[in-house]
Amino acid sequence: MKNKNSLFRLIALALLLALPGCAMLPPIEQPAAAPASDNSAVVALLETAKQDSDAGRSAAAAASLERALRIEPRNPVLWHELARVRLDEGEPAQAEQLANKSSTLAGNNNNLRADNWRLIGHARVQKGDHKGAQVAFNKAKEIESGQ
């Protein structure tokens, strides 16, 4: 009986600590400042992917993004969008990996790099790595402030 009460208290404490943090998660932005590509086929595939994603058709969105990446494998916006889709699908490890790939290709696009770190933070929250998530969110703030 004592163990059951201790377990209940531990779960309640974990929920109390986790819920406020979840409510304060920064949003993942969609990179939109610059055109994602000069290639009309890539732009069309990206738009189709966004529409599919908004409609909850994540598999179709991922397929469009993967086709676009076959055309432009070094396009960091496409990698970021695929990371968002994978995160929505509940694949946080893959989402983090794809966001890192996007950041590697993003060059001096600090908005995209910060968005990638926010996405990584959300992925780490999904994995239960709250300390790692905070590190990622802090990194996003550092990039945004130009540090």
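Residues numbered from 1 in each chain as written. Predicted model: local features only at pLDDT ≥ 70, side-chain atom pairs only at ≥ 80, totals over all residues. Heavy atoms only, no water.

### What about the overall build of the chain?
Then, in step 1: A count of helical and extended segments in the chain gives 7 helices and 0 strands.
Then, in step 2: For the chain, the N- to C-terminal ordering of α and β elements is α-α-α-α-α-α-α.
Then, in step 3: A separation of at least 24 residues holds for 55% of the contacts in the chain among residues at least 6 apart in sequence.
Then, in step 4: By element, 54% of the accessible surface of the chain is carried by carbon and sulfur atoms, the whole surface being about 8,900 Å². (Helix = DSSP H or I, 4+ residues; strand = E, 2+ residues; numbered from the N terminus. Contact = heavy atoms within 4.5 Å. Areas by Shrake-Rupley, 256 points an atom, 1.4 Å probe, with all protein chains shown as cover.)

### Comments concerning the packing of aromatic side chains
Then, in step 1: One pass over the full model with this rule turns up 0 aromatic pairs.
Then, in step 2: Positioned over the ring face of W79 is K101, at 5.3 Å from the centre of the ring. (Phe/Tyr/Trp six-rings, centres within 6.5 Å; stacked < 30°, edge-to-face > 60°. Lys NZ or Arg CZ within 6 Å of the ring centre and 35° of its normal.)

### Here we look at the confidence of the model for the chain
Then, in step 1: Considering every residue of the chain, the mean pLDDT works out to 86; 78% of them sit at 70 or more.
Then, in step 2: The element-level mean pLDDT for the chain is lowest in helix 1 (residues 2-23), coming to 50, with helix 5 (residues 92-105) highest at 98. (pLDDT = per-residue confidence, 0-100.)

### Here we look at the pattern of salt bridges
Then, in step 1: Inspection of every chain in the model, using the stated rule, returns 8 salt bridges.
Then, in step 2: Where D115 meets R118, a salt bridge forms, and the shortest distance between an N and an O atom there is 2.4 Å. With D115 and R118 both in helix 6 (residues 110-127) and 3 residues apart, the pair spans about one turn of that helix. Comparing D115 with R118, the two get one shared label, buried.
Then, in step 3: When salt bridges that share partners are traced, they join E66, R86 and E89 into one network. (Salt bridge = Lys/Arg side-chain N within 4 Å of Asp/Glu carboxyl O. Buried < 20%, exposed > 50% of the residue type's maximum accessible area, 1.4 Å probe, protein only.)

### Quick look at helix 4 (residues 76-88)
Then, in step 1: In this model, helix 4 (13 residues) spans 19 Å end to end at C-alpha, consistent with the 18 Å of a helix rising 1.5 Å per residue.
Then, in step 2: Most of helix 4 is tucked away, with 12 of its 13 residues classed as buried.
Then, in step 3: All of the buried residues in helix 4 are P76, V77, L78, W79, H80, E81, L82, A83, R84, V85, R86 and L87.
Then, in step 4: Buried residues in helix 4 make contact with helix 2 (40-54), helix 3 (58-71), helix 5 and helix 6.
Then, in step 5: Directly beyond the C-terminal end of helix 4, a positive phi value near 80 degrees is found at G90. (Expected span 1.5 Å × (residues − 1).)

### Some remarks on helix 6
Then, in step 1: Counted at 1.5 Å a residue, the expected span for helix 6 with its 18 residues is 26 Å, and the 25 Å between its end C-alpha atoms agrees.
Then, in step 2: Counting buried positions over the 18 residues of helix 6 gives 13, a clear majority of the element.
Then, in step 3: Of the residues trailing helix 6, G128 is marked for its positive phi of about 85 degrees.

### A closer look at the side chain of S53
Then, in step 1: Examined against the element boundaries, S53 turns out to sit in helix 2.
Then, in step 2: Looking at S53, the relative accessible area reads 18%, which means it is buried.

### Details of the environment of Q134
Then, in step 1: Position of Q134 relative to the elements: it lies in helix 7 (residues 130-145).
Then, in step 2: Taking the C-alpha atoms as reference, Q134 lies 8.8 Å from R124; in sequence the two are 10 residues apart.

### Some thoughts on the nonpolar core
Then, in step 1: Formed by 30 residues in total, the largest nonpolar core has its most connected members in L65, L78, L82, W117 and L119.
Then, in step 2: When contributions to this core are tallied by element, the ones reaching two or more residues are helix 2, helix 3, helix 4, helix 5, helix 6 and helix 7.
Then, in step 3: Per-element tally for this core: the top contributor is helix 4, with 7 residues.
Then, in step 4: With sequence-adjacent residues up to four places away left out, L82 is seen in contact with A62, L65, E66, L69 and L98. (Core = buried A, V, L, I, M, F, W, Y, C linked by side-chain atoms within 4.5 Å.)

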